[in-house]
Amino acid sequence: MLEGSAHKVQSRHLSRRACLYIRQSSPHQVTHNTESTRRQYDLRHRARALGWPDDCINIIDEDQGKSGAHMAHRTGFRDLLVRVAANEVGIVLSLEVSRLRRNNADWHQLLQFAALTDILILDEAGVYDPKGSNDRLLLGLKGAISEYELQGIKDGLDGGRRNKAMRGERIMPLPIGFVYTDTKKVVLDPDQSVTDSIHLVFHTFRRLGSISQTLRCFQKQELRLPSRHPYPRGLLHWSLPGRDQLRRVLRSPRYAGCYAYGRRSIHQRVDGSRKVSNLPMKQWLACIPEAHVGYIDWQEYLRDQETIDKNAASCPLLKAPQTPPREGPALLQSRILCGHCGTRMRVSYSKYKGRTLWYYKCNHEIVRHCTQPCPSTRGETIDAAVSHFLVAAVNRQNIALTLAVREQLRADFATADHQHAQRIEALHYQTNLARNRYMQVDPDNRLVAASLEADWNAAMLALEEAEKERQKLQVHYEDVTDSSKDAHILALASDFKTVWDAPATTHEERKHLLGLLIEDITVTRDSNQVRADLRLRLRGGKVHTLPSVALPKRRAGMRRRDISQEARAELNVLLETGFSDRLAAEELNRRGYLDSEGQPFFRSRITMIRNRLGIPSCLYNERAKLREIGYLTAAELAATLQILPQQVYKRADKGQGIECYRIAYGKRCYKMFKFVPEDEHKPPKHVPIP
């Protein structure tokens with residue numbers, strides 16, 4: 001074969017260098033498959049036999065242990081491609097075509113460069129000239145077969161893994177709190193302190209209903225969670241938890257005794273990197289509940305996932321997040337729904353004459369459809385009506401729950417104290433172990449003795465710190481464990497209103513009590529906007545309708561500030577011609593117009609008057625003009641193209657068939673999008689509105 005191909009080697013090829021490319025796919029192959037490496041290096045003799053001297057043969061072996069599926073991390077192959085394009089190489093040697101590239105697109109790119117620069121390619125079977133049609137066809141077939149071979153290997157391995165996982169028999173790494181027995185059976189960790197800490201996570205989340213609140217509770221009580229370090233293998237390490245650690249524990253189905261496989265989708269990018277995304281439960285490859293022992297049951301796991309999803313800030317607007325109770329005075333925070341569009345209303349606070357006012361607002365229509373927003377509602381009157389219903393609904397038997405809550409606090413303290421006691425006991429054992437090691441060492445061996453003495457000192461410091469933390473916790477909860485206050489709580493049982501209105505009862509505690517009875521409240525204002533109907537959905541699904549509530553009238557100052565008919569006509573013209581509220585106020589003042597109080601106009605006053613009279617802003621007018629020529633919001637275009645809104649922004653930035661129109665309104669920037677073919681894509685337009 002070598003003699004038959006020798007006529008392809010010409011003097012022009014011998015005047016350039018020969019490059020021998022050597023690669024194996026993994027470090028394991030490099031370490032154990034040494035015969036393959038030796039065969040690749042022996043190709044130098046083939047180049048020498050064809051006429052290349054030793055000093056003209058370059059060996060490229062920088063890509064040892066790297067896969068040939070992608071070029072991103074293979075510096076040696078990129079260097080070879082640069083040399084080929086620069087016409088510095090006369091022949092490229094490789095044991096097989098698959099050593100060079102297992103991606104057909106990049107393989108044909110190399111062939112194209114080789115044909116243009118008149119470079120030969122040599123493998124174990126012979127010498128090929130990419131300029132020739134027969135050799136080009138044969139090299140193309142070899143590249144396609146190499147790519148198909150790699151895909152076949154991957155499909156076979158993935159198929160075996162999937163089949164084993166579908167039966168629940170594939171051995172997978174276990175989260176903290178589980179271990180394998182000798183027979184590969186999943187059981188709880190024999191370390192009681194580890195299992196107690198995991199139980200405490202689920203118990204605290206069940207009580208507080210939020211990852212943030214659970215994290216705050218652990219940090220306040222200085223409770224630690226365990227983790228096992230890979231080096232040295234199995235070493236237990238205790239530390240204060242972070243949000244990600246708590247989220248992994250609460251999201252993992254293994255803690256519910258479920259064998260799950262294929263929870264994530266891995267997308268391979270062109271550059272060789274990977275994008276990992278979580279899949280919904282319906283798309284998991286394997287989901288086998290009650291496959292092994294767990295810390296919670298499957299139904300509780302599903303309820304926890306629903307709670308976490310409700311708390312997520314990335315929920316769609318129609319299913320806005322039901323956030324955990326916060327410190328604000330708005331009693332119906334995250335539980336009030338708009339009766340016009342069904343969207344969860346948001347809370348807005350303001351200050352007026354030293355008082356804190358709050359409003360329940362629905363911005364769904366203006367955000368999604370650029371129309372007038374649903375009417376907002378003052379919160380004090382509605383909160384008072386709901387509070388009156390709650391106080392009337394709670395009887396003496398329900399007040400007994402107060403003592404149950406007190407007992408729950410004591411139980412939480414006992415659990416936290418037990419956790420600290422177990423940690424102190426473990427540190428006592430480690431301290432005694434370090435002390436015994438130090439006592440048994442030869443005193444003359446000072447190097448070893450000094451290291452063991454340092455370990456003993458570190459163990460004693462850790463023990464002392466843990467004992468101080470336990471003492472601090474006991475002092476903090478001394479008032480909670482005092483039983484002398486139970487009589488005072490029982491005295492308040494006959495008057496829940498006193499407890500509800502007490503200054504010591506925080507807004508957060510009132511919201512917790514409200515959530516125990518009421519799921520959500522739907523508020524619908526009548527046509528005159530002076531009364532509101534309240535529809536309460538109680539826990540368990542029962543619906544209760546309260547009598548209509550009279551809404552407070554607007555402040556007199558708001559009614560007095562009006563605008564004349566001439567000034568209103570001028571304002572309409574200014575807004576239609578592109579004036580913002582601030583510029584419109586300045587222009588009206590320049591023309592000599594004043595409000596009904598004889599005062600000049602300001603931006604906020606123009607905005608208030610425009611909203612009250614239903615006059616569209618210049619931003620609304622600009623968006624209306626854009627809609628006439630096909631521009632939509634990100635959500636609307638995403639629904640049309642059946643993609644996510646985030647993908648609309650990304651494709652617009654990259655110029656992939658979506659054109660962006662930016663409107664600068666004051667300090668904010670609004671965007672409208674339009675689908676266009678990629679060859680007609682234009683750079684983003686920018687229209688500033690002061």
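It should be emphasised that the depicted structure is a prediction, and the values quoted were computed from it without experimental measurement.

K.L.:
Could you give an account of the overall build of the protein chain, with specific residues and numbers?
P.N.:
Looking only at helices and strands, the protein chain features 27 helices and 23 strands. Taking all contacts inside the protein chain whose residues are at least 6 apart in sequence as the whole, residues at least 24 apart take part in 60%. If you sum the accessible surface of the protein chain, you get close to 38,900 Å²; carbon and sulfur atoms cover 53% of it.

K.L.:
Could you give an account of unusual backbone geometry, naming the residues involved and the relevant values?
P.N.:
Not every positive phi belongs to a glycine, and Asn 87 is a case in point at roughly 60 degrees. Positive phi is not limited to glycine here, since Asp 118 has a value of about 60 degrees.

K.L.:
Account for a nonpolar patch on the surface, naming residues and giving values.
P.N.:
There is a patch of nonpolar side chains on the surface, built from Leu 137, Leu 141 and Ile 145 and spanning about 310 Å² of accessible area. Relative to the helices and strands, Ile 145 resides in helix H9 (residues 133–166).

K.L.:
Describe the packing of aromatic side chains, and please don't skip the residues or the numbers.
P.N.:
Taken as a whole and judged by the stated rule, the model has 7 aromatic pairs. Arranged with centres 6.1 Å apart and planes meeting at 75 degrees, the rings of Tyr 21 and Phe 77 form a pair that is edge-to-face. With Tyr 21 in strand E1 (residues 17–21) and Phe 77 in helix H6 (residues 75–85), the pair connects residues that are 56 residues apart, well separated along the chain. With respect to burial, Tyr 21 and Phe 77 carry one shared label: buried. Every member of this aromatic cluster is reached through a ring pair, and the members are Phe 178, Phe 202, Tyr 255 and Tyr 295.

K.L.:
Pulling in residues and values, what's your account of the sheet that holds strand E16 (residues 355–361)?
P.N.:
Read across the open sheet, the 3 strands follow the order E15-E16-E17; overall the sheet is antiparallel. Lying at the two open borders of the sheet, with one neighbouring strand each, are strand E15 (346–352) and strand E17 (377–378). Pairing of E16 with E17 involves 2 bridges; the strand directions are antiparallel. Opposite Tyr 360, over in E17, you have Thr 377 as the bridge partner. Running at roughly 80 degrees to E16, helix H15 (residues 379–393) makes contact with E16 and E17 of the sheet.

K.L.:
Provide a residue-level description of the environment of Gly 90, including the pertinent values.
P.N.:
For Gly 90, the position within the fold is in strand E3 (residues 89–93). As a C-alpha pair, Gly 90 and Leu 14 span 76 residues in sequence and 6.4 Å in three-dimensional space. What Gly 90 contacts, discounting residues up to four positions off in sequence, is His 13, Arg 16, Arg 17, Trp 52, Ile 119 and Leu 120.

K.L.:
Can you lay out the pattern of salt bridges for me, pointing to particular residues and giving the numbers?
P.N.:
In total, this model carries 17 salt bridges according to the counting rule given. In this structure, the salt-bridge partner of Arg 83 is Asp 79, at a minimum N-O distance of 3.3 Å. With a gap of 4 residues between them, Arg 83 and Asp 79 both fall in helix H6, about one helical turn apart. For Arg 83, a relative accessible area of 23% gives the class partly exposed. A salt bridge links Glu 380 to Arg 378, with the shortest nitrogen-to-oxygen separation between them at 3.2 Å. Judged by its relative accessible area of 21%, Glu 380 is partly exposed. In this structure, a network of salt bridges that share partners links the residues Glu 570, Glu 587, Arg 590 and Arg 591.

K.L.:
With reference to specific residues and values, describe H15.
P.N.:
Here H15 contains 15 residues, and its C-alpha end-to-end distance of 21 Å stays within 8% of the 21 Å for a straight helix at 1.5 Å per residue. Of all the residues in H15, the buried ones are Gly 379, Ile 382, Asp 383, Ala 385, Val 386, Ser 387, Phe 389, Leu 390 and Val 391.

K.L.:
A description of helix H12 (residues 243–251) should follow, citing residues and the corresponding values.
P.N.:
Along H12, the residues classified as buried are Gln 245, Leu 246, Val 249 and Leu 250. Seen along its axis, H12 keeps its buried residues to an arc of 125 degrees; they face one direction. Summarising the geometry of H12, the exposed residues directed more than 90 degrees from the buried face are Asp 244 and Arg 248. Those residues of H12 that are buried are in contact with helix H10 (192–208), helix H11 (211–221), strand E8 (225–229) and helix H13 (298–311).

K.L.:
Any chance you could break down the packing of helix H22 (residues 565–576) against helix H23 (residues 581–590) for me, citing the residues and the numbers?
P.N.:
Packing of H22 against H23 leaves a shortest axis separation of 10 Å and a crossing angle of 135 degrees. By the angle between their directions, the pair H22 and H23 is classed as oblique. Between H22 and H23 lies a crossing whose hand is right-handed. Contacts between H22 and H23 involve Ala 567, Glu 570, Leu 571, Leu 574 and Leu 575 on the former and, on the latter, Asp 581, Ala 584, Glu 587 and Leu 588. Split into classes, the residues belonging to the contact of H22 with H23 amount to 6 nonpolar, no polar and 3 charged.

Cut-offs applied
- Residues numbered from 1 in each chain as written.
- Predicted model: local features only at pLDDT ≥ 70, side-chain atom pairs only at ≥ 80, totals over all residues.
- Heavy atoms only, no water.
- Helix = DSSP H or I, 4+ residues; strand = E, 2+ residues; numbered from the N terminus.
- Contact = heavy atoms within 4.5 Å.
- Areas by Shrake-Rupley, 256 points an atom, 1.4 Å probe, with all protein chains shown as cover.
- Patch = residues over 30% accessible without salt bridge, like charges linked within 9 Å, V, L, I, M, F, W, Y side chains within 5 Å.
- Salt bridge = Lys/Arg side-chain N within 4 Å of Asp/Glu carboxyl O.
- Phe/Tyr/Trp six-rings, centres within 6.5 Å; stacked < 30°, edge-to-face > 60°.
- Buried < 20%, exposed > 50% of the residue type's maximum accessible area, 1.4 Å probe, protein only.
- Pairing = 2+ DSSP bridges.
- Axes fitted to C-alpha atoms, helices over the stretch in contact; angles between N-to-C directions.
- Expected span 1.5 Å × (residues − 1).
- Arc of directions from axis to C-beta.
- Parallel < 35°, antiparallel > 145°, perpendicular 65-115°, else oblique.
- Left-handed = near helix turned anticlockwise from the far one by under 90°.
- Nonpolar A, V, L, I, M, F, W, Y, C, P; charged D, E, K, R; others polar.

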